Structure formats: structure tokens, C-alpha cells
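# Coordinate analysis (summary)
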Amino acid sequence: MLKKQKLAAVAALFAATTSGYHGALVAAEALVLATPTLVSNQVPDWSNAFKAKMVGQAYKSSTALATYDVRATLMVYADNYSGAPGQNIWIARSIDNGATWSHTALTNNAGTSVTLTGPDSLVYTLPTTNGKPNIFAPATGAIASGKGANTLVTWGSSYCRDLADPTQPSSVQKVNLNLTTGPEPYKCLWSARTTDGGATWITQQITDGAMDIDEDVPAGFTTTNLLTGGFGIVWQADPAGLKQGQAEGPGEGASGASVSKGTNVWYSFLTKADFENGTKFPTPSVPLSDNDPITNTRGASRPNLAIVGGTAIVAYEETKGDSELFGKQIIYHSFAYNAPDTNSAGTVMSDPLLNSRRVRFLSQGDASAGTSPLRVVLLYRQTNVNTPGAESNVIMQRGLKNTVIDPASTGLRPSDIEPFSAAKNLSNLLGAKDTDNALAQRGVLRGGNIAVGFDYTPNMLASVAVPPTSTYNFYVTVSKDSGVTWAAPSNISGIRSNTIRVVEPRIVGTPGTILNPNNTATGDSADVQAPDVFFASYGTETNSAVSESLDIWLTRTTNFGSTFEVKQLLAGGVTRQSETQLRSSPNGKNLQSLWMQQEGVVTDVYFRNGTVK
């Protein structure tokens with residue numbers, strides 16, 4: 001009853017706070033937001049949801065059909081009782097654009113006790129939990145014999161069983177004593193898959209807790225005819241246990257940035273056929289990187305993965321020595337998704353004399369690129385000092401396809417990436433300063449058009465002073481010539497009060513045109529890509545040492561960032577909103593969004609549609 005009362009109050013508040021924006025947009029048409037829907041009301045409803053993610057998939061419930069008859073939205077999140085140990089992983093599924101949701105529990109082991117001997121030889125009895133989930137789904141599928149509409153979910157869990165005998169606990173799981181929150185079991189990697197559009201799921205434990213895993217990323221691809229494809233997963237595994245970190249940056253800490261020497265990035269894959277046939281991801285897996293915990297002093301962390309037409313690209317940060325105090329550098333790999341690098345040093349992409357970290361990338365295949373040579377854009381933060389959390393800039397490097405110089409060029413190989421001497425400093429477009437700081441870079445790539453957004457303050461120390469005399473705003477800069485030249489960044493948020501700052505920016509473009517497996521149009525105008533449309537959003541919070549989430553704001557551009565529609569409130573009011581996720585239809589006229597909403601000790605996942613009218 002409490003949630004129903006809260007939902008009614010929130011709906012009324014949204015109607016009041018957003019009605020003034022609908023007629024004020026730049027374009028003749030406007031994005032009209034529907035009433036928000038509470039999603040995390042599964043049974044049991046635990047009222048402490050965490051880290052929701054969302055994907056969508058169009059699929060044919062039978063290969064005999066001419067075109068896609070089901071449009072599924074799948075959401076994954078963790079949830080637990082407020083104050084209780086452990087959280088479980090849930091899937092919410094909607095096939096009516098978020099009007100109604102069904103729920104599936106992927107785990108039921110939250111709070112289960114495990115008894116382990118720590119490195120101090122003491123015996124610890126600890127509760128287990130399931131951490132932040134991640135999700136990937138191909139855009140389309142077709143079900144034959146109950147298989148073909150595929151989605152992959154991954155998460156780290158401290159509930160680790162023996163890989164040979166799942167009825168027994170893992171005999172090699174260890175205890176992490178590095179965290180300020182107290183002893184915790186090492187986490188192992190778990191996955192879940194569906195082949196019928198999210199109706200049913202099977203789970204698999206992939207690692208055994210001998211190393212502490214974090215930062216898992218699933219990815220995949222499917223050919224247009226839906227006949228072939230594959231899935232991959234990357235993650236980091238720390239032999240000495242995830243570290244707390246230096247508490248020099250935003251966030252909750254223990255985010256995977258601080259690692260022990262010998263921490264590697266690992267990779268595992270399955271073909272589409274094996275995925276659908278229930279073949280397990282291989283155990284044990286093989287490390288992608290080559291950091292030996294005894295002879296090597298480096299540690300790899302925070303990997304990212306994409307699979308572009310069958311080529312896997314992986315980028316991560318790696319320490320230059322046995323401590324973050326020596327700084328980090330960006331490492332890059334490219335390989336056929338089913339023939340990965342193993343125990344490989346990879347290729348250093350960033351300037352080895354500088355400190356580079358937090359790499360993300362944008363990628364596209366030949367069909368999406370059109371006449372542009374651009375295939376991948378690396379984005380990372382860089383500074384000339386090794387102090388954790390130091391003022392940094394957002395740096396960009398491009399991967400270019402040039403078959404004139406090299407007939408084997410794909411734009412995705414390490415040799416196709418421009419040298420660091422050609423990298424561009426995107427945040428310096430606001431003017432070079434010693435005090436400024438840019439972070440949380442995001443972007444979208446469509447042909448020769450690139451949009452990159454980041455949070456920026458002209459004075460980082462002033463932004464954390466008491467009281468603050470500077471703050472962070474959300475800026476977006478655009479290139480329309482494959483990254484050769486860049487427009488001056490636009491201040492999307494326009495915050496003037498130093499008591500409020502921007503967090504969690506998002507830039508989400510339109511996905512590619514959805515075609516039937518025989519390469520014909522679906523007949524739905526929403527399936528035709530409008531490449532010049534993208535959405536931008538950001539959250540706000542109090543600019544204080546202990547911050548409090550505030551609201552989430554949203555805008556849209558129809559000319560790839562030349563102008564933006566007047567921003568409107570996506571989620572706000574007396575409750576606290578954060579961590580939005582956005583999904584656009586290919587034509588850019590339908591939006592799906594989610595966010596985490598907190599009221600007192602209760603945190604829930606909310607969903608909201610938007611339609612251009």
C-alpha cells in the first residue's frame with residue numbers, strides 16, 4: 001500500500017512539474033513523457049533495489065512469421081531487504097512498452113552464510129551477496145524450437161560453489177580483508193541466459209572465488225540474417241582481493257580501480273549456436289592480459305568490451321608498477337571474438353609518461369560507418385601527475401580504416417589506432433587550465449559524427465571546498481568530420497549554484513535500422529534509424545562531502561548537437577532520483593527510461609516512456 005500511495009503522489013508531482021516544458025521545446029514536435037511506472041514490485045518486494053540496467057529486443061515468436069511480433073524490454077537489478085545482508089538478482093520483463101511487468105528471480109541465495117579461512121588464518125562466517133548486474137541483448141531474434149531470442153546477464157557474487165560439484169561450496173574461495181567495510185568473501189563470476197525473449201532463464205557459475213572478480217561486461221553480435229553470432233564476457237580478477245581505493249574520486253569506493261599486482265583481465269566466449277544449445281562458458285577461463293602475481297608488478301582493471309561484426313575489442317587501464325602511485329596507462333586488444341588473445345601484454349595506447357585511466361570507447365561496423373573511415377573512438381581521462389583523483393582531461397584517440405595504406409586495415413586493429421601524439425584533448429576546448437577537471441565521459445558515434453559529453457569544473461579544489469565556490473556542469477562537444485575538428489562544448493546543464501553539481505551524464509543515440517532477417521524493411525516507421533537524433537541526460541546532487549541525489553534532467557537533439565531542445569524534468573520531486581538509463585527507438589521518437597528512486601530507506605526502480613508528438 002505504501003508503494004501505491006507513493007506512486008500516485010509521484011505521478012501527480014510529475015504531471016505538475018513537466019507540463020510547462022511540453023510546449024517550450026525548440027522543435028514543432030515535442031517529447032511528451034508518460035506517467036512513471038514502478039518496476040521493482042516483485043514478490044517478495046524487498047524495497048532496496050540497486051543498479052538497474054535495461055535492454056530491448058524485437059523478435060519473432062516463430063521463424064514462420066514475416067516480421068517481428070514481440071518487442072520485449074528486459075530490466076535487470078539487484079534487490080534486498082533494507083538493512084538485511086545480501087541481495088538477489090531480478091529480471092523484469094515487459095512486452096507492452098512498460099505498461100506491465102513480469103518478474104523472474106535469477107538468484108535466491110542472498111544472505112546465505114559461508115565459512116572461510118582468511119589470510120590471517122582466522123575463520124570467518126560471512127553472509128553472501130550478489131553484486132551489480134550487467135546485461136546485453138542483440139537487437140533482433142527469431143525463435144525456432146524455443147531458441148533464438150537471446151540475452152546475456154552477468155554479475156559478481158560471493159555465493160561460490162565448487163565448479164565440479166555445485167552441491168558443495170567452493171574449496172578455494174578466499175576472504176578479502178582489504179575493505180574498510182570489513183571482511184568479505186571473494187566474488188565469483190555468474191551468468192544467466194535466455195533464448196526465448198526473457199520468458200525463462202538458466203544460470204551458470206563461471207569462476208570459483210579463488211580470485212576476486214569485478215567489473216564484468218557482457219557483449220555480443222548477431223548477423224542480420226540471425227543465423228550466426230556470438231557472445232563474450234570480460235572481467236577483472238584480483239588474486240589478493242579488491243582494494244578499497246584512495247577515496248580521491250566520486251562514488252562509493254571499491255569500484256574496481258584499485259587492484260593488486262597480478263590482477264588480470266579475463267575473457268570467455270560462446271558462439272550463438274553454443275549459447276542457444278546450453279553449452280557452458282568454459283571453466284577455467286584464460287587471462288587476456290599477462291600480469292603474473294609473482295613476477296609482474298602490474299595490475300589491470302576496469303575493462304570494456306564490444307564485438308563489432310565478429311571482432312572483439314577490449315580496452316582497460318593498467319598500473320605501470322606495483323602501485324597506483326606510479327600511474328596507469330591504457331591497454332587495447334583486438335581479435336576475432338572466438339580466437340582471443342591469451343596472456344598478452346596488449347598494446348599501450350596512451351602516452352606512457354602520463355597517467356591515463358577510465359577508458360571507454362565508441363565503435364561501429366562498416367555498414368554503420370558509411371563513407372567515414374572511423375571505426376572506434378577511445379575516450380579516457382589523463383593527467384600529468386600520478387596522484388589518485390587528480391585534475392584530468394578527457395582524451396580521444398581514433399581508429400581509422402585505411403585499405404589504401406594497408407589492405408588488411410579494419411579500423412579496429414591496434415595498428416589502426418592513431419598514436420597518442422595525435423590524440424585530442426576534448427575538455428581543453430574550454431581553455432587550458434591547471435585547476436580544471438573533466439570526468440564521466442560518455443559519447444555516441446554515428447558515421448562521421450561524434451558527440452562526447454563530460455562533467456566539468458573550472459576549479460576542482462574550489463568545487464570541494466567548504467562551502468564550495470565552484471561546481472560541475474555537463475558539457476557536450478560534437479565533431480561532424482570524423483573527429484578532425486570539434487565544436488566548442490555546449491553547457492547542457494547550466495547550473496549556476498555552487499551548492500548543486502552534475503553527476504551521471506548520459507548520451508544515447510538511436511540504434512541502427514531494424515531489418516527483417518531477409519534484409520527487408522519491417523514496415524514500422526519507428527524501426528528506421530534517424531542517425532542525427534540523440535538524447536542527453538544528467539543527474540543532480542548536493543555539492544557536499546556527503547552528497548544527496550536530487551533530480552534527473554533530459555534533452556534531445558535532432559541535428560546531432562547543433563541545437564538542443566529545452567531540457568525537461570525526467571524524474572524529480574521530494575524523493576531522490578539517480579542512475580538513469582535511456583533507450584531510444586531507431587527513429588528517435590520513442591524513449592524508454594529507468595532510474596533509481598529513494599524515499600527514506602526504500603529504493604525502487606522506476607520506468608517512464610516518452611513519445612514525440
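Heads up: these notes are all about the structure in this document. (Residues numbered from 1 in each chain as written. Predicted model: local features only at pLDDT ≥ 70, side-chain atom pairs only at ≥ 80, totals over all residues. Heavy atoms only, no water.)

## Topic: the environment of aspartate 551
Basically, it comes down to this: A helix here means a DSSP run of H or I that spans at least four residues, while a strand means a run of E at least two residues long, and both kinds are numbered starting from the N terminus. Any two residues whose heavy atoms approach within 4.5 Å are treated as being in contact. Polar contact criterion, stated in full: a pair of N or O atoms within 3.5 Å, where within protein one must be able to donate a hydrogen and the other to accept it, and residues adjacent in sequence count only if both atoms are side-chain atoms.
Checked against the element boundaries, aspartate 551 lands in strand E34 (residues 549–557). In this structure, the C-alpha to C-alpha distance between aspartate 551 and tyrosine 538, residues 13 residues apart in sequence, is 8.6 Å. If we skip the residues at most four places from it in the chain, aspartate 551 touches Tyr538, Gly539, Thr540, Leu569, Ala571, Gly572, Gly573 and Gln577. For aspartate 551, the side chain forms a polar contact with the main-chain nitrogen of glycine 573, separated by 3.4 Å.

## Some details on the sheet that holds strand E19 (residues 286–287)
How we decide: One requirement defines pairing of two strands: DSSP has to find at least two bridges between them.
One open sheet holds the 4 strands; their spatial order is E16-E17-E18-E19, and the pairing between them is antiparallel. A strand with exactly one partner marks an edge of an open sheet, and here the two such strands are strand E16 (212–222) and E19. Pairing analysis gives 9 bridges linking E16 to strand E17 (residues 229–238), with the strands arranged antiparallel. Across the sheet, the residue bridging to aspartate 212 is aspartate 238, located in E17.

## Quick look at the pairing of strand E14 (residues 188–194)
Heads up, the condition is: Here's how the labels work: a residue is buried when its accessible area is under 20% of the maximum for its type, exposed when over 50%, partly exposed in between, all with a 1.4 Å probe on protein chains only.
Of all 7 residues that make up E14, 7 are buried, and the element is covered over most of its length. Here E14 shows a buried face lined by Cys188, Trp190, Ala192 and Thr194 and a second buried face lined by Leu189, Ser191 and Arg193. Here strand E11 (residues 151–157) pairs with E14 via 7 bridges, running antiparallel. Residue pairing across strands places leucine 152 opposite arginine 193, the latter belonging to E14. Here E14 pairs with strand E15 (residues 202–205) via 4 bridges, running antiparallel. Counted as the bridge partner of tryptophan 190 is glutamine 205 from E15.

## Considerations on the pattern of salt bridges
Under the convention used in this document: Salt bridges are defined as contacts in which a side-chain nitrogen from Lys or Arg sits within 4 Å of a carboxyl oxygen from Asp or Glu.
Evaluated as defined, the whole model comprises 18 salt bridges. A salt bridge links glutamate 215 to lysine 132, with the shortest nitrogen-to-oxygen separation between them at 4.0 Å. Of this pair, glutamate 215 sits in strand E16 while lysine 132 sits in the loop between strand E8 (123–127) and strand E9 (134–136), and the two are 83 residues apart along the sequence. When its relative accessible area of 30% is taken as the criterion, lysine 132 is described as partly exposed. One salt bridge in this structure joins arginine 413 and aspartate 406, with 2.7 Å as the shortest N-O distance. Linked through salt bridges whose partners overlap, the residues forming this network are Glu29, Arg556, Glu565 and Lys589.

## Quick word on the side chain of asparagine 473
Looking at the secondary structure, you find asparagine 473 in strand E30 (residues 473–479). Leave out the neighbours within four places in its chain, and asparagine 473 touches Phe454, Asp455, Tyr456, Asn491, Ser493, Gly494, Ile495 and Val502.

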